[in-house]
Amino acid sequence: MARVNCECSDCQNKFSVNYVLFKPDKLKCPACGSYQVKEESAQGGACGCSKAADRPVRFT
């Protein structure tokens, strides 16, 4: 099961969304019900879709 960390732009609520195969297209804030939600990208996360690379790839 994969997880996406999100933050609401309206109420600044931070929450996570779990999904199995497909990531939901529209994310809804559970606190205020707004659709103004953006994904947070964390460094060193286990997700391969993170754009933040803290170490270069080395082949040995």
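Predicted model, so just to flag it, every value in this text is computed and none were measured.

What counts, and where the lines are drawn
Residues numbered from 1 in each chain as written. Predicted model: local features only at pLDDT ≥ 70, side-chain atom pairs only at ≥ 80, totals over all residues. Heavy atoms only, no water. Helix = DSSP H or I, 4+ residues; strand = E, 2+ residues; numbered from the N terminus. Buried < 20%, exposed > 50% of the residue type's maximum accessible area, 1.4 Å probe, protein only. Lys, Arg positive; Asp, Glu negative; His and termini not counted. Salt bridge = Lys/Arg side-chain N within 4 Å of Asp/Glu carboxyl O. Contact = heavy atoms within 4.5 Å. Pairing = 2+ DSSP bridges. Axes fitted to C-alpha atoms, helices over the stretch in contact; angles between N-to-C directions.

A. Examining the side chain of glutamate 7 more closely. Within the fold, glutamate 7 resides in strand 1 (residues 2-8). An unpaired buried charge is present at glutamate 7: no salt bridge exists, and lysine 38, the closest side chain of opposite charge, is 4.6 Å distant. Residue contacts for glutamate 7: discarding those within four places in its chain leaves Gln12, Asn13, Lys14, Gln36, Val37, Lys38 and Glu40.

B. Highlighting the sheet that holds strand 2 (residues 14-19). An order of 2-1-3 is seen for the 3 strands of this open sheet, with the pairing classed as antiparallel. Strand pairing shows two members of the sheet lacking a second neighbour, strand 2 and strand 3 (37-39), which therefore form its edges. Each strand of the sheet is rotated relative to its neighbour by a mean of 40°, with strand direction disregarded. Relative to strand 2, strand 1 runs antiparallel, the two sharing 6 bridges. Bridge pairing links valine 4 to valine 17 in strand 2.

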